Amino acid sequence: DAGITQSPRHKVTETGTPVTLRCHQTENHRYMYWYRQDPGHGLRLIHYSYGVKDTDKGEVSDGYSVSRSKTEDFLLTLESATSSQTSVYFCAISEWGASNTEAFFGQGTRLTVV
Amino acid sequence: AQRVTQPEKLLSVFKGAPVELKCNYSYSGSPELFWYVQYSRQRLQLLLRHISRESIKGFTADLNKGETSFHLKKPFAQEEDSAMYYCALPPGSNTDKLIFGTGTRLQVFP
């Protein structure tokens, strides 16, 4: 498996609290992505990064922010968690442009907002 | 805009039956396309990519530019093929986004 780790793996939090999920990679890949996975919706892109301090919004970015201060870490923050943000969150990394490139995924973080 | 459509949420077949999971895309230019698979409670992993034209676990997919499709096929389904399958469009010349379809759950019954 590619060196990509998500933490925490599981979290239960209360509505209105801030939550930060971490994605850590040891592959030195330039691109990092955060997705949420929900039944019937598949994988929806929240935010992504194409380099240190270079980030952009995906299709479901409202209520989320990200930061990437170094290559290996990409943080996803739920500014004020809501029940609609209960989901499984996946991080992915890639080095597009290299031969036989692909995206590698973390194991996911299961977040429950109560 | 880039888009991937998987029209079937669920596909159920019996072991030994042929399988076709549909994927249509919207993309200006010549796309690369991937199929990812997610077995129960595991991370997503690449199944195959069109550019390598390989067969993995008996699955194949052909890019049809005329129909803008990249359907995944297997002639004889196995129970261990039961999983979620996602079609994906990687970044192109004007975007860094990796876009997925909504996924198709394949159930293979014994």
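The notes below deal with the structure included here.

About the thresholds
Residues numbered from 1 in each chain as written. Chains lettered and ligands numbered in written order. Predicted model: local features only at pLDDT ≥ 70, side-chain atom pairs only at ≥ 80, totals over all residues. Heavy atoms only, no water. Helix = DSSP H or I, 4+ residues; strand = E, 2+ residues; numbered from the N terminus. Buried < 20%, exposed > 50% of the residue type's maximum accessible area, 1.4 Å probe, protein only. Contact = heavy atoms within 4.5 Å. Areas by Shrake-Rupley, 256 points an atom, 1.4 Å probe, with all protein chains shown as cover. Lys, Arg positive; Asp, Glu negative; His and termini not counted. Charge placed at Lys NZ, Arg CZ, Asp CG, Glu CD. Polar contact = N/O pair within 3.5 Å; in protein donor to acceptor, adjacent residues only side chain to side chain. Pairing = 2+ DSSP bridges. Disulfide = S-S within 2.5 Å. Core = buried A, V, L, I, M, F, W, Y, C linked by side-chain atoms within 4.5 Å. Axes fitted to C-alpha atoms, helices over the stretch in contact; angles between N-to-C directions. Buried area = accessible area lost by both parts, 1.4 Å probe. Salt bridge = Lys/Arg side-chain N within 4 Å of Asp/Glu carboxyl O. Nonpolar A, V, L, I, M, F, W, Y, C, P; charged D, E, K, R; others polar.

Quick look at the overall build of chain A now. What chain A contains, in helices and strands, is zero helices and eleven strands. Starting at the N terminus and walking to the C terminus, you meet the elements of chain A as β-β-β-β-β-β-β-β-β-β-β. With respect to the three principal axes, the spread of C-alpha positions in chain A is 45 × 30 × 25 Å. Looking at chain A residue by residue over its 114 residues, the buried ones come to 50%. A sequence separation of at least 24 residues applies to 54% of the contacts in chain A between residues at least 6 apart. Working note: accessible area of chain A is about 5,200 Å², and carbon and sulfur atoms make up 45% of it. Of the charged side chains in chain A, 11 are positive and 13 negative; the average position of the first set lies 4 Å away from that of the second.

Attention now goes to the side chain of His 71 of chain B. All names here are of chain B. Within the secondary structure, His 71 is located in the loop between strand 7 (60–61) and strand 8 (72–74). His 71 gets classed as buried once you look at its relative accessible area, which sits at 14%. Polar side-chain contacts of His 71 include one of 2.9 Å to the backbone nitrogen of Cys 23. When sequence neighbours within four positions are dropped, the list of residues in contact with His 71 reads Glu 20, Leu 21, Lys 22, Cys 23, Asn 24, Trp 35, Thr 60, Ala 61 and Asp 62.

This brings us to the sheet that holds strand 8 of chain B. Strand pairing in a sheet relies on backbone hydrogen bonds. The paired strands run either parallel or antiparallel. Taken in spatial order, the three strands make up an open sheet running 3-8-7 (chain B), and their pairing is antiparallel. If you trace the sheet from one side to the other, it starts and ends with strand 3 (19–21) and strand 7 of chain B, each paired once.

What follows concerns the state of the cysteines. Residue and element names in this part refer to chain A. Following the criterion strictly, the structure yields two disulfides over all chains and no others. Bridging Cys 23 to Cys 91, the disulfide has an S-S length of 1.9 Å. Between Cys 23 and Cys 91, the S-S dihedral sits near -75°, and the bridge is therefore left-handed. Of this pair, Cys 23 sits in strand 3 (residues 19–25) while Cys 91 sits in strand 9 (residues 87–94), and the two are 68 residues apart along the sequence.

Residue and element names in this part refer to chain B. Within the largest apolar cluster, 25 residues are counted, with the highest numbers of intra-cluster contacts made by Trp 35, Leu 47, Leu 48, Phe 70, Leu 72 and Tyr 85. Elements supplying a minimum of two residues to this core: strand 2 (10–14), strand 3, strand 5 (34–38), strand 6 (45–49), strand 9 (83–89) and strand 11 (104–109). In terms of residue count, strand 9 provides more of this core than any other element does, four residues in total. Sequence-distant contacts of Leu 72, that is, excluding residues within four places in its chain, are made with Val 19, Glu 20, Leu 21, Trp 35, Leu 47, Leu 48, Phe 59, Thr 60, Ala 61 and Tyr 85.

Residues and elements named next belong to chain A. The four strands are arranged 1-3-8-7 in an open sheet whose pairing can be described as antiparallel. The sheet is open, and its two edges are formed by strand 1 (4–7) and strand 7 (64–70), each paired on a single side. The sheet shows a mean angle of 15° between the axes of neighbouring strands, direction not considered. Note: strand 7 against strand 8 (residues 73–78), five bridges, orientation antiparallel. By the bridge assignment, Lys 70 is partnered in strand 8 with Asp 73.

Our next topic: the interface of chain A and chain B. Taken together, the contact pairs 25 residues of chain A with 18 residues of chain B. Of the roughly 1,900 Å² buried between chain A and chain B on both sides combined, carbon and sulfur atoms contribute 54%. Together, Leu 43, Trp 96 and Phe 105 of chain A form the three largest contributors to the area buried by chain A at its contact with chain B, with a combined 25%. At the surface where chain A touches chain B, the tally comes to one salt bridge. Of the charged contacts in the structure, one is a salt bridge between Arg 49 of chain B and Glu 102 of chain A, with a shortest N-O distance of 3.5 Å. The interface formed by chain A and chain B holds nine residue pairs in polar contact (both at pLDDT 80 or more) in total. Listing elements by their share of the side of chain A that touches chain B, those giving two or more residues are strand 4 (31–38), strand 5 (42–51) and strand 10 (103–105) of chain A. In terms of residues, the side of chain A that touches chain B owes the most to one element, strand 5 of chain A, which gives five residues. Taken together, the residues of the side of chain A that touches chain B break down into 13 nonpolar, eight polar and four charged.

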